[in-house]
Amino acid sequence: MTVPTSGTRPDDARRHNRTALLRRLHVEGPCTRATLASELGLNRSTIKAVVDGLAEAGVVTEAVPAQRTGAGRPSLLVLPEAQAAVVLAVDVRVDQVAMAMVGIGGQILGRHSWNLHRTTRLPGEVITHIAESAQLLRDELGVREQGVGVSVPGVVRRADGLVHEAPNLGWREVALGSRLGAVLGSPTTVGNDGDLGALAEHVRGAARDANDLLYLSADVGVGGGVIVGGVPLRGSGGYVGEIGHMIVRPGGRACFCGEQGCWETEVGEPALCRALGLPEDTPRGVLVAELRDLEARPGRLDLLSEVGEWLVTGLVTAVNMLAPELVVLGDLFAALPTRLVDRIRDELHRRSLVSRAAGRTRIAVSPLGRDGKLVGAAELAFEPVLGAV
């Protein structure tokens, strides 16, 4: 007797097509029905049914393109309605918390931020302030988020958002996901900041055309994220992103994590300040201005020679292990002088066996600025939301 195989139910197929189409509009932006049919591999009648259903629900609209080419009647563009699905993105940093309400298509509808100090970094105070700011944004915009994504500089259990340890914040065993979800009343997902920085670059930044990438960022600490085959590498339990705690200088400076000679102690924000002869607690804006100033004063570039050497040392190891086609430099690393980035690229090609074998790993500077982790937090929140719209 032959056991019947189950096919795809019509409702499942419609839901899949709807989610795929929304995902396409969310990531790539407006396009015509014909383009949607071609890119999604669906016939025109199916696309018509999906678009008509979404338009009736107020999720998309159709409009004549602002710029017309050729004669005849122009094809209508299908556009996502930003407020049809909204998420709350939160980026918890060592010195600041940034928040934004983000609509479909990545449109930032409103934002709020505030500075953190040693006395205001307690988890309870941060959670309370996030909840209060979220309500202010809701009232101001007249929207309610359908999901929440949070970026944290620490070791995060993806399943429930437990922050096992965030050394630079002084946090240990903080149930951030469940506590925030309870006070906000919305599904909340928490991720490591480096992991979410990589996600942001892959979806909306310098790595949109790369399937294998390493994202590396510098703030007070150094974090990273990896995309392999177009999919985030999250490891067992979601614990990926602490590349800054790779030891590159045994017996070196003490690190917040308890070790000595971690990569972040040699190339992070304090190391950049020391290299430029600035106090380690120099305001970020001043440090960025000093780094930018080196662009016009190449004679002072040697001030960063040691930082550059340690940056290359860590990158050689990371590239030899991960073999990314692209390395994206974010946060403070994005402010490094172009000549230094070029020098780092040349040294990486010379010293990395894998980079030479793979045709030379590319290095790019993030175009997202300090919003990178916030963008990643929004995309994290959108993952389940797009399938439920």
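Described below are features of the structure shown in this document. (Residues numbered from 1 in each chain as written. Predicted model: local features only at pLDDT ≥ 70, side-chain atom pairs only at ≥ 80, totals over all residues. Heavy atoms only, no water.)

**A closer look at the environment of Leu 233**
Here comes step 1: The topology assignment puts Leu 233 in the loop between strand S14 (231–232) and helix H7 (263–267).
Here comes step 2: Classification of Leu 233 by relative accessible area gives partly exposed; the value is 35%.
Here comes step 3: Residues Leu 233 and Gly 376, 143 residues apart in the sequence, show an inter-C-alpha distance of 14 Å.
Here comes step 4: Once you skip the residues sitting within four places of it in the chain, Leu 233 turns out to touch Asp 195, Val 226, Val 228 and Val 240. (Helix = DSSP H or I, 4+ residues; strand = E, 2+ residues; numbered from the N terminus. Buried < 20%, exposed > 50% of the residue type's maximum accessible area, 1.4 Å probe, protein only. Contact = heavy atoms within 4.5 Å.)

**What to know about the sheet that holds strand S8 (residues 155–157)**
Here comes step 1: The antiparallel open sheet is built from 3 strands, whose spatial order is S8-S9-S10. The sheet is open, and its two edges are formed by S8 and strand S10 (171–175), each paired on a single side. The sheet shows a mean angle of 10 degrees between the axes of neighbouring strands, direction not considered.
Here comes step 2: As judged from the 4 bridges shared by strand S9 (residues 162–166) and S10, these two strands associate in the antiparallel manner. Paired with Leu 162 across the bridge in S10 is Ala 175.
Here comes step 3: Seen against the sheet, helix H5 (residues 176–184) touches S9 and S10 and runs at an angle of roughly 45 degrees to S10. (Pairing = 2+ DSSP bridges. Axes fitted to C-alpha atoms, helices over the stretch in contact; angles between N-to-C directions.)

**Overview of the pairing of strand S5 (residues 96–103)**
Here comes step 1: Within S5, 8 of the 8 residues are buried, which leaves it mostly tucked inside the rest of the structure.
Here comes step 2: Here S5 shows two buried faces, one formed by Gln 96, Ala 98, Ala 100 and Val 102 and the other by Val 97, Met 99, Met 101 and Gly 103.
Here comes step 3: Sheet analysis places strand S4 (residues 86–92) next to S5, joined by 7 bridges and oriented antiparallel. Paired with Val 86 across the strands is Gly 103, a residue of S5.
Here comes step 4: Between S4 and S5, which pair antiparallel in sequence order, lie 3 residues.

**Topic: the nonpolar core**
Here comes step 1: Counting 39 residues, the largest nonpolar core has Leu 216, Trp 263, Leu 304, Leu 311, Leu 315, Phe 333 and Leu 336 as the members making the most contacts within it.
Here comes step 2: Listed by contribution, the elements that provide at least two residues to this core are strand S12 (213–218), strand S13 (222–228), H7, helix H8 (269–275), helix H9 (284–296), helix H10 (305–322), strand S15 (326–331) and helix H11 (338–351).
Here comes step 3: Of the residues forming this core, the biggest block, 8 residues, is contributed by H10.
Here comes step 4: What Leu 336 contacts, discounting residues up to four positions off in sequence, is Leu 272, Leu 291, Glu 295, Leu 304, Leu 311 and Val 341.
Here comes step 5: Ala 37, Val 87, Ile 104 and Leu 374 belong to the second largest nonpolar core, which has 33 residues in total. (Core = buried A, V, L, I, M, F, W, Y, C linked by side-chain atoms within 4.5 Å.)

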